[in-house]
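The residues making up each chain are set out below.
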Amino acid sequence: MAQLLVDVTPFKPTLIESKTKPGVFEVEGIMQRAGAENQNGRVYDKNLLEREVEKYVTDFVKNGNAYGELDHPESPVVSLKNASHIVKNLKWNGDDLIGRVELLNTPAGNIVKEII
């Protein structure tokens, strides 16, 4: 029987209760890794990722519009009915992009809480 080898970077989240919003939970973990194959089979150069992350932070994170879905959506446009989290912070640690997200009180956000 053939075996499938899957090489992924697990998110390995840390669940943290918000200090400013009791009952609201945040998760922190690796969101992207420069120079490594991602789950779409792509490898992105760090310079490219840094440029795009800077745009994303400016256009979405700082404006409170950086919503995300539980699963990887087919479209780059987030469907708000499937939103599970909102990105609050992104920072680099070497080649790893570390993200902190606030879990939303939505069906998808509650699934994340239960899994963690």
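Reading the values: the criteria
- Residue numbering note: each chain is counted from 1, following its sequence as written.
- The model is predicted, so local features are restricted to residues of pLDDT at least 70 and side-chain atom pairs to those at 80 or more, both for listing and for counting; the totals for chains, interfaces and linings are taken over all residues.
- To get the side-chain values, take all heavy atoms of the structure and skip hydrogens and water.
- Strands here are runs of E lasting at least two residues and helices are runs of H or I lasting at least four, both read from the DSSP assignment and numbered beginning at the N terminus.
- Two residues form a contact once any of their heavy atoms are found within 4.5 Å.
- Paired strands, as defined in this entry, are two strands with at least two bridges between them according to DSSP.
- An axis is simply a line fitted to the C-alpha atoms; with a helix, the fit covers only the stretch in contact. Between two such axes, the angle follows the N-to-C directions and lies from 0 to 180 degrees.
- Exposure categories follow from relative accessible area, calculated using a 1.4 Å probe and restricted to protein chains: below 20% of the type maximum is buried, above 50% is exposed, and the middle band is partly exposed.
- Arc definition: it is the arc formed by the directions from the helix axis to the C-beta atoms.
- Residues grouped as a nonpolar core are buried Ala, Val, Leu, Ile, Met, Phe, Trp, Tyr and Cys residues, joined through side-chain atoms within 4.5 Å.
- Helices are assigned an expected span. That span is 1.5 Å times one less than the residue count.

**Student:** Quick question: what am I supposed to make of the environment of Gly109 here?
**Tutor:** Looking at the element boundaries, Gly109 is found in helix α2 (residues 107–115). Through-space distance from the C-alpha of Gly109 to that of His85 is 6.2 Å; in sequence the pair is 24 residues apart. Setting aside residues up to four positions removed in sequence, Gly109 forms contacts with Ala83, Ser84, Leu103 and Leu104.

**Student:** I keep staring at the sheet that holds strand β5 (residues 96–103) and nothing clicks. Help me out?
**Tutor:** Backbone hydrogen bonds are what pair the strands of a sheet, in a parallel or an antiparallel way. Strand order across the open sheet formed by five strands is β1-β2-β5-β4-β3, with antiparallel pairing between neighbours. Two strands in the sheet have a free side with no partner beyond their single neighbour: β1 (14–17) and β3 (67–69). Strand-to-strand, the axes of this sheet are offset by a mean angle of 40°, without reference to chain direction. Taken strand by strand, helix α1 (residues 46–61) contacts β2 (25–33), β3, β4 (83–93) and β5, and its axis lies near 130° from that of β4. In the packing of α2 onto the sheet, contacts are made with β2, β4 and β5, and the angle to β4 comes to roughly 60°.

**Student:** So what exactly am I meant to see when it comes to α2 here?
**Tutor:** Every α-helix winds through 3.6 residues per turn, so residues three or four apart in the chain are directed the same way. Taken together, the buried positions of α2 are occupied by Ala108, Gly109 and Val112. With its buried residues spanning 105° around the axis, α2 presents them on a single face. Every exposed residue of α2 that faces more than 90 degrees away from the buried side is listed here: Pro107 and Glu114. On the buried face of α2, the contacting elements are β4 and β5.

**Student:** Honestly, the pairing of β4 in this entry has me stumped. Any pointers?
**Tutor:** In summary, the side chains of a regular strand alternate between the two faces of the sheet. As paired elements, β3 and β4 share three bridges and run antiparallel to each other. Looking at the pairing, Glu69 lines up with Ala83 of β4. Bridge count for β4 against β5 is eight bridges, and the pairing is antiparallel. When the bridges of β5 are listed, His85 appears paired with Leu103. Counting the residues between successive antiparallel strands, the hairpin from β4 to β5 contains two residues, one of them, Gly94, with a positive phi of roughly 65°.

**Student:** Just to check I follow, could you spell out the nonpolar core for this structure?
**Tutor:** Generally speaking, soluble globular proteins have nonpolar side chains that are buried together. Among the nonpolar cores identified, the biggest contains 11 residues, and these are Val27, Val53, Val57, Val61, Ala66, Val87, Leu90, Leu97, Val101, Leu103 and Val112. For this core, the elements supplying multiple residues, two or more each, are α1, β4 and β5.

**Student:** What's the story with α1 in this structure? I'm lost.
**Tutor:** The first and last C-alpha atoms of α1 sit only 20 Å apart over 16 residues, clearly below the 22 Å expected at 1.5 Å per residue. Those residues of α1 not exposed but buried are Leu49, Val53, Val57 and Val61. Projected down its long axis, α1 carries its buried residues within an arc of 70°, all on one side. Of the residues in α1, the exposed ones pointing more than 90 degrees away from the buried face are Asn47 and Glu54.

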